Amino acid sequence: MAASGEPGRQWQEEVAAVVVVGSCMTDLVSLTSRLPKTGETIHGHKFFIGFGGKGANQCVQAARLGAKASMVCKVGKDSFGSDHIENLKQNDISTEFTYQTKDAATGTASIIVNNEGQNIVIIVAGANLLLNTEDLREAASVISRAKVMICQLEVTPAISLEALTMAHSSGVKTVFNPAPAIADLDPRFYTVSDVFCCNESEAEILTGLTVCSPADAGKAALVLMERGCQVVIITLGAEGCVMQSRTESVPKHIVTEKVKTVDTTWRPAWLQTQE
Ligand SMILES: *[C@@H]1O[C@H](CO)[C@@H](O)[C@H](O)[C@H]1NC(C)=O
């Protein structure tokens, strides 16, 4: 059963251009002067809750860039799950196939960060791992009518693969972000990915090559292309990215504008100014 019961008002006739099949996680962040030892209780100086999950983050970003987006995922029938659904709706995202289950808690990332920025993170994927084949079948019409479908690896990999395969066979452009990377990725992921987009450390894990420069990334991209992708993008932080497609014989380095890094992960802007 879909959680929301009804799609948002603006959704009644419209088809989502971007469908994300992926994860929703709640970040529970405590800031402390140092990390606790085993059995120790210490005081932290700040706590906040954030909306996360690679899938939900990508979906929110697509919506903010102006796409009609739909989030296919599973959260718990708990307050974190309900907050996620509310947040997706606030971002104009269809939650028609955002499922809520009683059988597991909403995925969480409990994060402790010390003053040096070192951290300890525990991820409990929870409800994310209960997203199943039946859920995908229910969402089949929205998946097959999308322009683009995006998947990552924070739900059961077999489900990501099934979603990509469904979309691919319906002619939907598939974007796969193999994050967090696994070394023995099922080779079928490459053939059902129109765009295979990973970062430098994921490219290293997948290819076994060292990726420290745009030239290295070009070599890794070629290896990934040989496995069947149509387009490979390897992101390189300040160095931009390297792209390789079937239509071009050499990898292309796309540079980016230098920006002052505010945060590479999850820290909200207000924290930067207070520290
Ligand atoms: C690449 O992505 C992974 C998640 O799969 C993340 O843990 C890692 O920090 C990223 N690496 C870089 C260099 O951005």
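Presented here is a report on the structure given in the accompanying data block.

Parameters at a glance
- Residues numbered from 1 in each chain as written.
- Predicted model: local features only at pLDDT ≥ 70, side-chain atom pairs only at ≥ 80, totals over all residues.
- Heavy atoms only, no water.
- Helix = DSSP H or I, 4+ residues; strand = E, 2+ residues; numbered from the N terminus.
- Rg over C-alpha atoms; globule rule 2.2 N^0.38 Å.
- Buried < 20%, exposed > 50% of the residue type's maximum accessible area, 1.4 Å probe, protein only.
- Areas by Shrake-Rupley, 256 points an atom, 1.4 Å probe, with all protein chains shown as cover.
- Contact = heavy atoms within 4.5 Å.
- Core = buried A, V, L, I, M, F, W, Y, C linked by side-chain atoms within 4.5 Å.
- Near = heavy atom within 4 Å.
- Polar contact = N/O pair within 3.5 Å; in protein donor to acceptor, adjacent residues only side chain to side chain.
- Nonpolar A, V, L, I, M, F, W, Y, C, P; charged D, E, K, R; others polar.
- Disulfide = S-S within 2.5 Å.
- 1 Å grid on protein atoms, 1.4 Å probe; cavity = no way out; pocket = protein on both sides within 12 Å on 5 of 7 lines; lining within 4 Å.
- Points joined across faces, edges and corners; volume = space filled by probe spheres on them.

Structural notes on the overall build of the protein chain
- Along the backbone of the protein chain there are nine helices and 14 strands.
- Relative to the compact-globule value of 19 Å for 275 residues, the protein chain shows a C-alpha radius of gyration of 19 Å, a close match.
- Principal-axis analysis of the C-alpha atoms places the extent of the protein chain at approximately 55 × 45 × 35 Å.
- Sorting the 275 residues of the protein chain into buried and exposed places 44% on the buried side.
- Only carbon and sulfur atoms are counted for the fraction: they give 53% of the accessible area of the protein chain, which is about 14,100 Å².

Here's the deal with the environment of E162
- Secondary-structure assignment places E162 in helix α5 (residues 157–169).
- The exposure class of E162 is partly exposed, given its relative accessible area of 24%.
- For the pair E162 and R188, spaced 26 residues apart in sequence, the C-alpha to C-alpha distance is 10.0 Å.
- Filtering out sequence-adjacent residues up to four positions away, E162 remains in contact with T133, L136 and R137.

Focus: the nonpolar core
- V19, V21, I143, M149, F196 and I234 are the most contacted members of the largest nonpolar core, which totals 42 residues.
- One finds V18, A56, A62 and C73 within the second-largest nonpolar core, a separate group that totals 19 residues.

Some points on the site of the ligand
- In the vicinity of the ligand, the contacting residues are K54, A179, P180, A181, N199, E200, S201 and E202.
- One nitrogen or oxygen atom from the side chain of S201 is found 2.9 Å from a nitrogen atom belonging to the ligand.
- The fraction of the free accessible surface of the ligand (360 Å²) that becomes covered by protein chains is 48%.
- Looking at the shell around the ligand, the element that brings in the most residues is helix α7 (residues 200–207), giving three residues.
- Of the residues contributing to the shell around the ligand, the split by class is three nonpolar, two polar and three charged.

Examining the state of the cysteines
- Summed over the entire model, instances satisfying the criterion amount to zero disulfides.
- Considering cysteine sulfurs only, C24 is the nearest to C73, which forms no disulfide, with 3.6 Å between them.
- Residue C73 is classed as buried on the basis of its relative accessible area, which comes to 0%.

A short note on the layout of surface pockets
- Approximately 380 Å³ is the volume attributed to the second largest pocket.
- Together, 16 residues line the second largest pocket, and A56, N57, Q58, V60 and Q61 are the ones closest to its centre.
- When contributions to the lining of the second largest pocket are tallied by element, the ones reaching two or more residues are β3 (44–52), α1 (54–64) and β9 (148–151).
- For the lining of the second largest pocket, the per-class residue count stands at eight nonpolar, seven polar and one charged.

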